[in-house]
Structures are given as structure tokens and as C-alpha cells.
Amino acid sequence: MARVVRFHEIGGPEVLRLEDLEIGEPGPGEVRIRVDAIGVNRAEALFRSGLYIERAKHLPSTLGNEAAGVIEAAGPGVAGFEEGQAVSVVPSFSHNDYGVYAERAIVPASALLPRAEGVDAVTGSAVWMPWLTAYGAMVEVAGMRAGDVAVVTAASSSVGLAAIQTADRLGATPVAVTRTRDKRRRLLQEGAAEVIVSDEEDVAGRVLEVTGGRGAEFVFDAVAGPGVADLARAVAPDGTIVLWGAQSGLPTPYPGFDLGMPALNMRTYTMLEITRDPGRMRRATAFVTSGLRTGSLRPVVDRLFPLEEVVEAHRYMESGTRFGKIVITVAH
Ligand SMILES: NC(=O)c1ccc[n+]([C@@H]2O[C@H](COP(=O)([O-])OP(=O)(O)OC[C@H]3O[C@@H](n4cnc5c(N)ncnc54)[C@H](OP(=O)(O)O)[C@@H]3O)[C@@H](O)[C@H]2O)c1
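Residues numbered from 1 in each chain as written. Predicted model: local features only at pLDDT ≥ 70, side-chain atom pairs only at ≥ 80, totals over all residues. Heavy atoms only, no water.

Trainee: Would you take a moment to explain the sheet that holds strand β9 (residues 173-178) for this structure?
Mentor: Sheet strands pair via backbone hydrogen bonds, and the direction of the pair is either parallel or antiparallel. Strands sit in the order β10-β9-β8-β11-β12-β13 across an open sheet of 6 strands; the sheet is parallel. Only two strands of the sheet have a single partner each, and these edge strands are β10 (194-197) and β13 (265-268). Between one strand axis and the next, the sheet turns through 20 degrees on average, direction left out of account. Examined bridge by bridge, strand β12 (residues 235-243) and β13 share 4 bridges and lie parallel to one another. Residue pairing across strands places Thr240 opposite Asn265, the latter belonging to β13. In the packing of helix α6 (residues 203-210) onto the sheet, the strands contacted are β8 (149-152), β9, β10 and β11 (216-221), and the crossing angle to β10 comes to about 160 degrees. (Pairing = 2+ DSSP bridges. Helix = DSSP H or I, 4+ residues; strand = E, 2+ residues; numbered from the N terminus. Axes fitted to C-alpha atoms, helices over the stretch in contact; angles between N-to-C directions. Contact = heavy atoms within 4.5 Å.)

Right, dumping it as C-alpha cells:
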């Protein structure tokens with residue numbers, strides 16, 4: 001038996017319940033892990049509320065696909081992993097199939113990465129979603145290079161901070177966009193070259209100012225909605241807006257026609273474009289692993305919550321006040 005978080009109905013954070021369930025043995029290609037830390041992501045809040053890109057197919061439903069722990073048992077056909085090994089679970093499967101919000105969980109072995117010595121469980125549960133998303137979009141998909149300017153919205157989110165660090169590490173210039181001025185100083189400390197406060201400043205005007213009128217080669221946007229029209233004014237000719245989130249919850253226009261049909265690229269993106277492609281995944285894993293080893297990649301963990309406070313963790317996520325990653329820890 002193990003405590004597992006499930007929801008029996010679609011709704012707010014209060015629908016999350018901690019229940020005692022039989023976990024069982026892993027099947028072919030699966031492992032059972034003792035979960036030590038769980039990475040909390042926007043996707044789970046959207047899935048729980050019925051607003052995610054995939055709906056909960058059966059209720060009650062588990063949730064969560066990013067964690068760190070230790071392998072307890074490996075099912076038939078699992079190679080390369082052994083009992084007692086410290087691992088990270090990389091978000092690469094559907095919440096409908098497996099859920100790591102639990103003391104123990106069965107997950108596909110294909111979602112595991114060995115956790116290097118010195119990478120603790122909290123760090124091991126906090127790096128993969130942000131960096132696979134950011135590195136994958138910026139480098140593998142958009143082709144960002146040294147000297148490019150990258151505008152990053154929702155900059156204080158875990159993905160935003162990973163994007164700032166990724167651009168910085170590759171010699172590109174990260175321009176952070178955040179809603180309120182209170183996060184400005186910390187964003188500069190995390191490597192942002194410029195910080196634009198969207199509640200107070202003209203975002204496009206400021207981007208044009210800091211790029212000498214050229215505009216940014218890339219915009220990585222987690223907000224979407226009507227603000228995209230403004231962001232499009234800040235994009236250099238043949239530049240690209242990558243939409244990786246929709247925090248605004250509002251319909252997103254295609255701004256090209258109103259701007260006179262400039263050479264503007266705009267696309268949506270999920271990190272599945274990386275996890276489902278072995279070559280991209282190998283390069284992304286190498287980027288993150290080397291960054292952790294050398295210390296050039298520094299996950300920002302905002303707050304830890306014990307598993308018993310999963311509802312509070314989701315309420316805190318939805319408050320929008322975070323700066324970095326929220327992690328749930330599991331005491332055994
Ligand atoms: N495409 C993918 O594969 C993928 C993977 C992971 C995450 N994501 C997306 O990346 C984004 C960040 O995810 P996360 O889990 O790191 O953090 P999160 O909790 O979703 O983001 C929190 C941040 O978003 C900003 N924000 C919150 N509400 C907002 C609103 N109504 N309008 C504008 N901005 C708002 C705030 O940043 P400021 O205060 O700095 O403005 C806040 O600190 C999410 O949109 C998520 O869906 C996408």
C-alpha cells in the first residue's frame with residue numbers, strides 16, 4: 001500500500017485527495033520507484049481543471065509526470081536500470097497512463113534517467129521539465145544562436161528561468177518579461193540582460209529600444225492571448241514567436257495581417273517534440289547533465305511542500321506569485 005494523490009472530479013486544488021492504494025508490481029518495460037520528490041507543473045493544474053491539451057479519460061485519476069526517487073523493482077525486459085538506483089522521472093508520458101504524485105509509483109522505464117551522484121532528489125525533480133522545454137524550443141526547434149536576442153515571458157516561472165539561463169549559457173541575450181516590478185531584481189540576478197515589466201511598460205517599444213530598433217530574433221511566450229499582437233511588433237524580420245504556454249487563458253489572434261504581413265513565424269510547441277525524438281532527447285540530456293555537472297545550470301526552487309500539503313501546493317501555483325519551481329517532498 002502507498003499514499004497516492006487522485007482526483008475524483010474535475011475542479012480546483014481542493015479536489016486532490018491523498019488515498020491509500022495498492023501499487024502492485026511493475027509490468028513489462030515498467031519500474032516501481034520510491035518517490036522522494038515531485039516536480040509540480042502547470043500541466044497538472046490544467047489537467048485537474050479539465051483545461052489541459054488532453055482530458056482525464058477516467059476518474060478517479062492520478063497525475064504528475066516529473067519526479068525523483070529510487071528504483072524498488074524492475075519489470076520484465078527492463079535493461080540498464082537496477083534496484084536501489086537513484087533516478088529522475090522525465091515528463092514523457094500521459095497523466096492518463098501513470099501518475100507520480102505518490103509515495104510509490106509505477107512508471108515506464110523509458111521515462112527514467114539515472115541521477116548523477118551529487119544531484120539530490122529535489123534538484124532531480126526540478127530540472128527536466130523546465131530545461132527540456134526551454135532548451136528544446138530554443139535550440140532544437142528555433143535554432144537560437146549566440147548573438148540572438150530572446151524575449152522570454154512569464155519569466156519568473158520555472159520554464160522562464162530555465163530559458164533565461166539557457167540563452168545566457170549559449171551567448172544569446174535573454175530579455176525577461178514579467179508582470180510586476182517586484183521580481184525584477186531577482187530576474188537580473190538569474191541572468192536576464194534586461195527586464196521589462198509588462199504591467200507598467202510598453203513591451204514592444206522596450207524590446208525595440210534594447211535591440212536598437214531591429215527587434216528580437218525570438219520570442220518565447222507562455223502567456224499567449226491578445227498580448228501576442230504586441231509581441232509580434234517586437235520581432236525582427238523573419239523572427240519567430242514560439243508559444244509554449246497559454247497563461248492568459250484568452251483566445252490568441254494571428255497578428256500578421258494587422259501588421260501588414262511581415263516575415264513573421266509563429267508556432268506552438270510542447271516538449272514532446274523533444275522527448276519523442278531520440279536524437280533531440282540525447283542532445284538535450286547532454287546539455288542538462290553537463291550544466292548540472294559544471295554548475296552553469298542552477299534550478300531555482302521556490303518552495304517545498306510535503307505530500308500531505310498537495311492542495312496548498314496547487315493553490316500556491318495558481319496564485320502566480322512563485323519565483324521558480326515548486327517541489328513536493330515525500331517522507332518515508
Ligand atoms: N509547452 C511545453 O512543453 C511546456 C512545458 C512546461 C511548461 N509549459 C508552460 O510554461 C509556462 C510556465 O510553466 P511553469 O510550470 O514553469 O510555471 P507556472 O506556474 O505555470 O507559471 C507561473 C508564472 O506565470 C506567470 N503568470 C501567471 N499567471 C499569469 C497570467 N494570467 N498572465 C500572464 N502571466 C502569468 C507569472 O510570471 P511573472 O510573474 O513573471 O509574469 C508566474 O510566476 C506555463 O504556461 C506552462 O503551461 C509548457
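On we go from here.
Trainee: Would you mind showing me how to read the nonpolar core here?
Mentor: What tends to happen in soluble globular proteins is that the nonpolar side chains get buried as a cluster. Counting 40 residues, the largest nonpolar core has Ile38, Val89, Tyr101, Leu112 and Ile328 as its most contacted members. Residue contacts for Ile38: discarding those within four places in its chain leaves Glu66, Ala67, Val100, Tyr101, Ala102, Ser125, Leu307, Ile326, Val327, Ile328 and Val330. Of all hydrophobic cores here, the second largest spans 33 residues; its members include Ala134, Ala163, Trp244 and Leu297. (Core = buried A, V, L, I, M, F, W, Y, C linked by side-chain atoms within 4.5 Å. Buried < 20%, exposed > 50% of the residue type's maximum accessible area, 1.4 Å probe, protein only.)

Trainee: Help me understand the domain arrangement of the protein chain in this model?
Mentor: In many analyses, interface size is given as the accessible surface area lost on bringing the parts together. Under the domain assignment used here, the protein chain contains domain 1 (2-127 + 299-329) and domain 2 (152-272). Just the C-alpha atoms count here: the centres of domain 1 and domain 2 sit 29 Å apart. With 10 residues of domain 1 at the interface, the matching set in domain 2 holds 13 residues. In total, domain 1 and domain 2 occlude about 980 Å² of area from one another, counting both sides; carbon and sulfur atoms represent 61% of this. The largest share of the area that domain 1 buries against domain 2 comes from Val300, Arg322 and Phe323, three residues that together contribute 51% of it. Our enumeration of links across domain 1 and domain 2 arrives at 0 salt bridges. Taken together, the links from domain 1 to domain 2 amount to 5 residue pairs in polar contact (both at pLDDT 80 or more). (Domains from an automatic or database assignment. Buried area = accessible area lost by both parts, 1.4 Å probe. Salt bridge = Lys/Arg side-chain N within 4 Å of Asp/Glu carboxyl O. Polar contact = N/O pair within 3.5 Å; in protein donor to acceptor, adjacent residues only side chain to side chain.)

Trainee: Looking at this structure, how should I read the site of the ligand?
Mentor: Of all residues adjacent to the ligand, which total 24 residues, the nearest are Arg42, Ser158, Thr178, Met271 and Arg322. Within the side chain of Thr178, a nitrogen or oxygen atom sits 2.6 Å from an oxygen atom of the ligand. At a separation of 2.8 Å, an oxygen atom of the ligand approaches a polar side-chain atom of Lys183. Protein contacts shield 88% of the accessible area of the ligand, which totals 910 Å² for the unbound molecule. Class assignment of the residues belonging to the shell around the ligand gives a composition of 11 nonpolar, 9 polar and 4 charged. Two domains each donate at least three residues to the shell around the ligand, and these are domain 1 (2-127 + 299-329) and domain 2 (152-272). (Near = heavy atom within 4 Å. Areas by Shrake-Rupley, 256 points an atom, 1.4 Å probe, with all protein chains shown as cover. Nonpolar A, V, L, I, M, F, W, Y, C, P; charged D, E, K, R; others polar.)

Trainee: Explain the side chain of Glu103 here, please?
Mentor: In this fold, Glu103 is placed in the loop between β5 (86-89) and β6 (104-108). Of the polar contacts made by the side chain of Glu103, one reaches the backbone nitrogen of Arg3; its length is 2.8 Å. Those residues in contact with Glu103, other than ones at most four positions away along the chain, are Ala2, Arg3, Ile33, Arg34, Val35, Leu307, Val330 and His332.

Trainee: Explain the packing of helix α3 (residues 128-141) against helix α4 (residues 158-169) here, please?
Mentor: Helix-helix packing is characterised by the crossing angle of the two axes and by the distance between the axes. Interaxial distance between α3 and α4 falls to 8 Å at its minimum, and their mutual angle equals 50 degrees. Compared by their axis directions, α3 and α4 come out oblique. Of the two elements, α3 crosses α4, and the hand of that crossing is right-handed. Along the contact surface, α3 presents Pro130, Trp131, Thr133, Ala134, Tyr135 and Met138, while α4 presents Ser158, Val159, Ala162, Ala163, Gln165, Thr166 and Ala167. (Parallel < 35°, antiparallel > 145°, perpendicular 65-115°, else oblique. Left-handed = near helix turned anticlockwise from the far one by under 90°.)

Trainee: Would you explain the pattern of salt bridges in this entry?
Mentor: Side chains that carry opposite charge are capable of pairing whenever their charged atoms lie near each other. Taken as a whole, this structure holds 21 salt bridges when the rule is applied. Measuring nitrogen to oxygen at the nearest pair gives 3.8 Å for the salt bridge that ties Glu19 to Arg17. Notably, a salt bridge pairs Glu273 with Arg280, separated by 4.0 Å at the nearest N-O pair. Within this structure, Glu140, Arg267, Glu273, Arg280 and Arg283 form a network of salt bridges that share partners.

Trainee: Whenever I open this one, the packing of α3 against helix α9 (residues 278-294) confuses me. Can you help?
Mentor: Running from N to C, α3 and α9 point in directions that differ by 120 degrees, and their axes come no closer than 10 Å. It follows from the interaxial angle that α3 and α9 lie oblique. The two elements α3 and α9 cross, and the hand of that crossing is right-handed. Contacts between α3 and α9 involve Trp128, Trp131, Leu132, Tyr135, Glu140 and Val141 on the former and, on the latter, Arg280, Met281, Arg283, Ala284, Thr285, Phe287, Val288 and Thr289. The class makeup of the residues in the contact of α3 with α9 is 9 nonpolar, 2 polar and 3 charged.

Trainee: In this structure, what is going on with the environment of Val122? I would like to understand it.
Mentor: The topology assignment puts Val122 in helix α2 (residues 121-124). Note: C-alpha distance between Val122 and Ala236 (114 residues apart in sequence) is 39 Å. When neighbours within four sequence positions are excluded, Val122 is seen to be in contact with Ala37, Val301, Leu304, Val327 and Thr329.

Trainee: Could you clarify how one ought to interpret the pairing of β10 in this entry?
Mentor: Note on strand geometry: in a regular strand, side chains alternate between the two faces of the sheet. As defined by bridge partners, β9 adjoins β10 across 4 bridges and the pair is classed as parallel. Bridge assignment links Val175 to a residue of β10, and that residue is Glu194.

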